[in-house]
Amino acid sequence: MTIDVTLKVNGVERSAKVEARTLLAELLRDHLKLTGTHVGCDTTQCGCCVVHLDGKAIKSCTILAVQAKGRSVTTIEGLAQPDGTLHPMQEAFREHHGLQCGFCTPGMVMMGADIARRNPGATEELVRHELEGNICRCTGYQGIVEAILSVANPDAVRKDHH
Amino acid sequence: MRDFDYHLATDVQSAIEALRNSEEGKIVAGGMTLLPTLKQRLAAPSDLIDLGGIDTLRGIAIEGKDVVIRAMTIHADVGASDVVKKAIPALAVLAGGIGDPAVRHRGTIGGSIANSDPAADYPGGVMGLGATIVTDRRTIAGDDFFLGLFETALEPDELITSVRFPIPDQAHYIKFKHPASGYAVVGVMVSRTGGKVRVGVTGAGPCAFRVTPFETALEKNFSPDAIAAIAVDADGLNTDVNFSAEYRAHIVGVLARRCVAALMD
Ligand SMILES: Cc1cc2nc3c(=O)[nH]c(=O)nc-3n(C[C@H](O)[C@H](O)[C@H](O)COP(=O)(O)OP(=O)(O)OC[C@H]3O[C@@H](n4cnc5c(N)ncnc54)[C@H](O)[C@@H]3O)c2cc1C
Ligand code: FES
Ligand code: FES
């Protein structure tokens, strides 16, 4: 079954002809060539594919493209200002060395922004709990947690570290 | 994933009709269980009927002495709900501990209960709180709902529309999480209403169940000591590469005692 899907991606209206089974991650990567959204697993566990759907973090590998019809999607490409000024969460990942190979990073930054939005004043423990659906094979998470904490709750970041 | 025909239902009745008219149709709610299953080709439905467009299936309200949660309400909304936090805080804790934030932004209470995954959290809450499942055609007592591994009392074309949780005097939920998946190795919900006690368990058996010997003992003497000497029968409980049935039986007792202790504080 072929379906026309129109949705807003990073503020711009986009359309594509997809199969019913096409996943949102496939629509973004294969049809719209927005390859910043990564796919790291087949089991909805790694979080590399996290984007915002109407402002909330979701795993784009586990929603049909057609289910995003008429809705608004933000991907990692849409986070910075048009002039290149980084989003505070991107800036924090740079500052706190929240990445090594970068494969998990788009999902981590999108999830980090969602965590900070929902939990102002978050503790380190809460940030770690909220990151349970995002897997990083490189960093050991310390820099990622500090980056997210520095946005959600700047006072909680240990100054002696990094 | 095999392709299928997609239908966005606008109301419950049209969803049921689409299901009946399809060769081998499936309902999709949050898709957090169904879509991974399709991706792994463990199922290949001819049609997917999406409940996501039915606004009347979303929302949380107090009705009489119950908290009523409509079927398409996502875990994140139950976890963050002021109504649930005030009336049954243990249920907000349960919902807020399911999966991860992205899963909680899509997964629904109706999907979780309809699925009867042995390791899912909500079924333990249904048993421990004595909830009632409301469908398009009848109400089903939670005690009669879960029949076995991924098996419920639902007819093939029957939809859950809401779940009614009676408000207890007190309740507490503890899950012993699988360290990798986050699902419940064992989860226990203990509630107290008047003189009545309920002990609901998930994760340990093929489906959620109650531990009536614990309930009887706790109704006489509500303290961890009252159930310390009562063994849970490991016969028929789940065994996998990580945890044996005997281990799970033991953890049921440990978590039940911790719940009781937490409620005595
Ligand atoms: C990474 C990950 C971690 C998870 N961790 C946990 C966890 O820790 N604890 C936990 O409990 N769960 C966990 N889950 C499962 C999650 O909670 C699912 O959301 C839930 O089990 C199914 O709900 P859904 O809305 O996504 O249903 P779907 O996947 O859409 O549907 C599931 C099944 O229910 C049927 N169905 C759906 N809605 C209805 C309805 N209203 N009436 C009748 N039938 C219906 C569907 O046809 C399908 O067969 C996890 C999932 C993932 C991907
Ligand atoms: S690719 Fe979506 S969770 Fe792994
Ligand atoms: S930086 Fe390599 S996987 Fe996270």
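Please read these numbers as outputs of a predicted model, since none were measured by experiment.

1. Observations regarding the sheet that holds strand β11 (residues 170–177) of chain B
All names here are of chain B.
- Pairing is antiparallel across the open sheet formed by four strands, whose spatial order is β11-β12-β13-β14. The strands lining the two open edges of the sheet, one partner per strand, are β11 and β14 (209–210).
- Lying over the sheet, helix α5 (residues 89–96) contacts β11 and β12 (184–193), oriented at roughly 20 degrees with respect to β11.
- Across the sheet, helix α9 (residues 212–220) is in contact with β13 (196–202) and β14; its angle to β13 comes to roughly 150 degrees.

2. Section: the packing of aromatic side chains
Residues and elements named next belong to chain B.
- With the rule as written, the count across this model stands at four aromatic pairs over all chains.
- With centroids separated by 5.1 Å and ring planes inclined at 90 degrees, the aromatic side chains of phenylalanine 145 and phenylalanine 146 adopt a geometry described as edge-to-face.
- Ring centres of phenylalanine 176 and phenylalanine 243 lie 6.2 Å apart, and the angle between their planes is 80 degrees; this geometry places the pair in the edge-to-face category. Pair noted here: phenylalanine 176 is in strand β11 and phenylalanine 243 is in the loop between α10 (224–228) and α11 (245–264), with a separation of 67 residues, a long-range link.
- Note on phenylalanine 243: relative accessible area 11%, which makes it buried.
- One aromatic cluster is present, built from ring pairs that chain together Phe176, Phe243 and Tyr247.

3. Re the nonpolar core
All names here are of chain B.
- Within the largest apolar cluster, 34 residues are counted, with the highest numbers of intra-cluster contacts made by Ile113, Tyr122, Phe145 and Phe165.
- When residues of this core are traced back to their parent elements, those giving at least two are β5 (66–70), α4 (82–87), α5, α7 (109–115), α8 (122–129), β10 (160–166) and β11.
- For this core, the leading source of residues is α5, giving five residues.
- Those residues in contact with isoleucine 113, other than ones at most four positions away along the chain, are Tyr122, Val126, Ile133, Phe145, Phe146, Thr152, Ile160 and Val163.

4. A look at the domain arrangement of chain A
Residues and elements named next belong to chain A.
- Its domain assignment divides chain A into domain 1 (2–78) and domain 2 (88–156).
- Using C-alpha coordinates to define each centre, domain 1 is positioned 22 Å away from domain 2.
- Domain 1 puts 18 residues into the contact, and the matching count from domain 2 is 15 residues.
- Of the roughly 1,200 Å² buried where domain 1 meets domain 2, counting both sides, 63% is carbon and sulfur surface.
- Linking domain 1 with domain 2 are zero salt bridges.
- Across the domain 1-domain 2 interface, the total number found is eight residue pairs in polar contact (both at pLDDT 80 or more).
- Mapped by element, the contributors of at least two residues to the side of domain 1 that touches domain 2 are β3 (50–53) and β4 (56–59).
- Each residue belonging to the side of domain 1 that touches domain 2 can be placed in one class, and the counts come to seven nonpolar, nine polar and two charged.

5. Some remarks on the site of ligand 1
- The full set close to ligand 1 counts 31 residues, and Ile27(B), Ala29(B), Leu34(B), Thr108(B) and Asp121(B) are the nearest of them.
- Nearby residues around ligand 1 are contributed by chains A and B.
- Here Gly99(B) contributes a backbone N or O atom positioned 3.1 Å from an oxygen atom of ligand 1.
- Between a nitrogen atom of ligand 1 and a side-chain N or O atom of Asp121(B), the distance comes to 2.7 Å.
- Relative to its unbound accessible surface of 970 Å², ligand 1 loses 94% to contact with the protein.
- At the level of elements, β2 (25–28) and α7 of chain B are the ones that each hand at least two residues to the shell around ligand 1.
- Split by residue class, the shell around ligand 1 holds 14 nonpolar, 13 polar and four charged.

6. Considerations on the domain arrangement of chain B
All names here are of chain B.
- Structurally, chain B comprises domain 1 (5–50) and domain 2 (58–264).
- On a C-alpha basis, the centres of domain 1 and domain 2 stand 26 Å from each other.
- Between domain 1 and domain 2, the contact holds ten residues from the first and twelve residues from the second.
- For the pairing of domain 1 and domain 2, the buried interface totals around 930 Å² over both sides, and the portion due to carbon and sulfur atoms is 70%.
- Among the residues of domain 1 in contact with domain 2, Ile16, Ala29 and Met32 are the three that bury the most area, contributing 42% of the side total.
- At the boundary of domain 1 and domain 2, one finds one salt bridge.
- Where aspartate 157 meets arginine 20, a salt bridge forms, and the shortest distance between an N and an O atom there is 2.7 Å.

What counts and what doesn't
- Residues numbered from 1 in each chain as written.
- Chains lettered and ligands numbered in written order.
- Predicted model: local features only at pLDDT ≥ 70, side-chain atom pairs only at ≥ 80, totals over all residues.
- Heavy atoms only, no water.
- Pairing = 2+ DSSP bridges.
- Helix = DSSP H or I, 4+ residues; strand = E, 2+ residues; numbered from the N terminus.
- Contact = heavy atoms within 4.5 Å.
- Axes fitted to C-alpha atoms, helices over the stretch in contact; angles between N-to-C directions.
- Phe/Tyr/Trp six-rings, centres within 6.5 Å; stacked < 30°, edge-to-face > 60°.
- Buried < 20%, exposed > 50% of the residue type's maximum accessible area, 1.4 Å probe, protein only.
- Core = buried A, V, L, I, M, F, W, Y, C linked by side-chain atoms within 4.5 Å.
- Domains from an automatic or database assignment.
- Buried area = accessible area lost by both parts, 1.4 Å probe.
- Salt bridge = Lys/Arg side-chain N within 4 Å of Asp/Glu carboxyl O.
- Polar contact = N/O pair within 3.5 Å; in protein donor to acceptor, adjacent residues only side chain to side chain.
- Nonpolar A, V, L, I, M, F, W, Y, C, P; charged D, E, K, R; others polar.
- Near = heavy atom within 4 Å.
- Areas by Shrake-Rupley, 256 points an atom, 1.4 Å probe, with all protein chains shown as cover.

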